[in-house]
Amino acid sequence: MNEVSVLLLAVILDLLIGEPPHRLHPVVWMGSAVEWMRNILGNSRISGIILTIAVAAPFTLPLFLINHLQDPLNLIISSILLSAVISIRMLVTSALEVGGSLKEDIEDARKKLSMLVSRDTTSLSDEQITSAAIETLTENITDSVTAPIFYFILLGLPGAFLYRVVNTLDAMVGYLDSENRDIGWFPARLDDILNYIPSRITGVLMVPAALLLGMNWRGSFRILLRDARRTPSPNSGFTMAAAAGALSVQLEKPGVYVLGDPCDGLDNEKLLEAVKLSSLTLILFTAAAAGVMLVIP
């Protein structure tokens, strides 16, 4: 089976259809499994290791059986499953919805943004909402698209699903509060390791994407080098910093990090530019991934 065909068909399916129905979404199932297992295991570092293995196994091991299916069934099932763990359409749509609401009703924009970020959005200004929307968009293109594709290249469909399991675990238990500090330690560290290379590749690809779009590609490269490590996460700053430089704006999570220089103001036009930049970066990444798979069978 041609894995390039699987990748391209999966991307097309995601763009055309978007997320699977909630009751059929494998990431939703992953979240339910995490919640159920953590209540059984308790809160310790050993529990975190067991939780990761216990959730990963049923979502990855059965996928090896798909290799025994004949085409075109293999191609169809693999493409549908891969499309379920990438989220290009949802990311872009969510950012555009926040921008659209911001022009009409700031309270609605705050409400929509609250479903995308962990920070308190109840008193954010227009510029703070725009910054947060750009931050979550540019950070999550790694988590939701490029990293799953990266591990699909390396390990096939089980690799893409393994990544999403770990990423889901990190999103649910990878915090430093007393409830999650111990059980979330292992999945959080594993998520950092798995994102290390994809986040840097994606950040670097934003520079030529900015060049092709006529944005500030020199600034993108400069801010990437200067600010990428200013975030608490060792990985999330690479795409956000590259985007801040390309857009000539300053992105800030108050009390946590500041990325870029405030050359231009933050407005809805900058959010639209961030969507274009992220979209072209994903096109470049997908093209590069397909090229790698063609060159290295």
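Scoring rules and cut-offs
Residues numbered from 1 in each chain as written. Predicted model: local features only at pLDDT ≥ 70, side-chain atom pairs only at ≥ 80, totals over all residues. Heavy atoms only, no water. UniProt positions renumbered as here; feature names shortened; annotations may be inferred. Helix = DSSP H or I, 4+ residues; strand = E, 2+ residues; numbered from the N terminus. Rg over C-alpha atoms; globule rule 2.2 N^0.38 Å. Buried < 20%, exposed > 50% of the residue type's maximum accessible area, 1.4 Å probe, protein only. Contact = heavy atoms within 4.5 Å. Areas by Shrake-Rupley, 256 points an atom, 1.4 Å probe, with all protein chains shown as cover. Lys, Arg positive; Asp, Glu negative; His and termini not counted. Charge placed at Lys NZ, Arg CZ, Asp CG, Glu CD. Core = buried A, V, L, I, M, F, W, Y, C linked by side-chain atoms within 4.5 Å. 1 Å grid on protein atoms, 1.4 Å probe; cavity = no way out; pocket = protein on both sides within 12 Å on 5 of 7 lines; lining within 4 Å. Points joined across faces, edges and corners; volume = space filled by probe spheres on them. Nonpolar A, V, L, I, M, F, W, Y, C, P; charged D, E, K, R; others polar. Axes fitted to C-alpha atoms, helices over the stretch in contact; angles between N-to-C directions. Parallel < 35°, antiparallel > 145°, perpendicular 65-115°, else oblique. Left-handed = near helix turned anticlockwise from the far one by under 90°.

Within an unreviewed UniProt entry, the label attached to the protein reads Probable cobalamin biosynthesis protein CobD, and the organism entered is Methanothermobacter defluvii. The UniProt entry for the protein carries the following text under Subcellular location (unreviewed entry): "Cell membrane". The protein has a UniProt comment under Function (unreviewed entry) that states "Converts cobyric acid to cobinamide by the addition of aminopropanol on the F carboxylic group."

**Side note on the overall build of the protein**
Summing up its helical and strand segments, the protein has eleven helices and two strands in all. Listed N to C, the secondary structure of the protein is α-α-α-α-α-α-α-α-α-α-β-β-α in terms of helices and strands. The globule rule puts the C-alpha radius of gyration for 297 residues at 19 Å, and the 19 Å found for the protein is close to it. Expressed along its principal axes, the backbone C-alpha trace of the protein runs to roughly 55 × 45 × 35 Å. A buried classification covers 51% of the 297 residues belonging to the protein. Long-range pairs, those at least 24 residues apart, make up 70% of the contacts in the protein with a sequence separation of at least 6. Of the roughly 13900 Å² that the protein leaves accessible, carbon and sulfur atoms contribute 64%. For the protein, the centre of its 21 positive side-chain charges and the centre of its 29 negative side-chain charges are spaced 4 Å apart.

**Some remarks on the nonpolar core**
Of all hydrophobic cores here, the largest spans 79 residues; its most connected members are Leu7, Leu82 and Leu277. Among the elements that take part in this core, helix α7 (residues 126-173) stands out by supplying 20 residues, more than any other. Aside from chain neighbours lying at most four places away, what touches Leu82 is Val6, Leu7, Ala10, Phe152, Leu157 and Ala160.

**Examining empty space enclosed by the protein**
Counted under the stated rule, the structure contains one cavity of 30 Å³ or more. By volume, the largest cavity is sized at about 30 Å³. In this structure, the largest cavity is lined by Arg119, Leu124, Gln128, Ser131, Glu252 and Pro254. When the residues that make up the lining of the largest cavity are grouped by side-chain class, the tally is two nonpolar, two polar and two charged.

**Details of the layout of surface pockets**
Reported here for the second largest pocket is a volume of approximately 290 Å³. As for the second largest pocket, its lining consists of 19 residues, of which Pro20, Pro26, Ile80, Leu81 and Ala84 are closest to the centre. Among the secondary structure elements, those contributing two or more residues to the lining of the second largest pocket are α1 (3-17), α2 (26-41), α3 (45-60) and α4 (73-84). No other element matches α4, which puts four residues into the lining of the second largest pocket. Partitioning the lining of the second largest pocket into residue classes produces 15 nonpolar, two polar and two charged.

**Some details on the packing of α7 against helix α10 (residues 237-247)**
In contact at an axis separation of 8 Å, α7 and α10 are set at 130 degrees when each is read in the N-to-C sense. Here α7 lies oblique to α10, going by the angle between them. Crossing handedness for the pair α7 and α10: right-handed. Contacts between α7 and α10 pair Ile134, Glu135, Thr138, Glu139, Ile141 and Thr142 from the former with Thr239, Met240, Ala243 and Leu247 from the latter. A per-class count over the contact of α7 with α10 returns five nonpolar, three polar and two charged.

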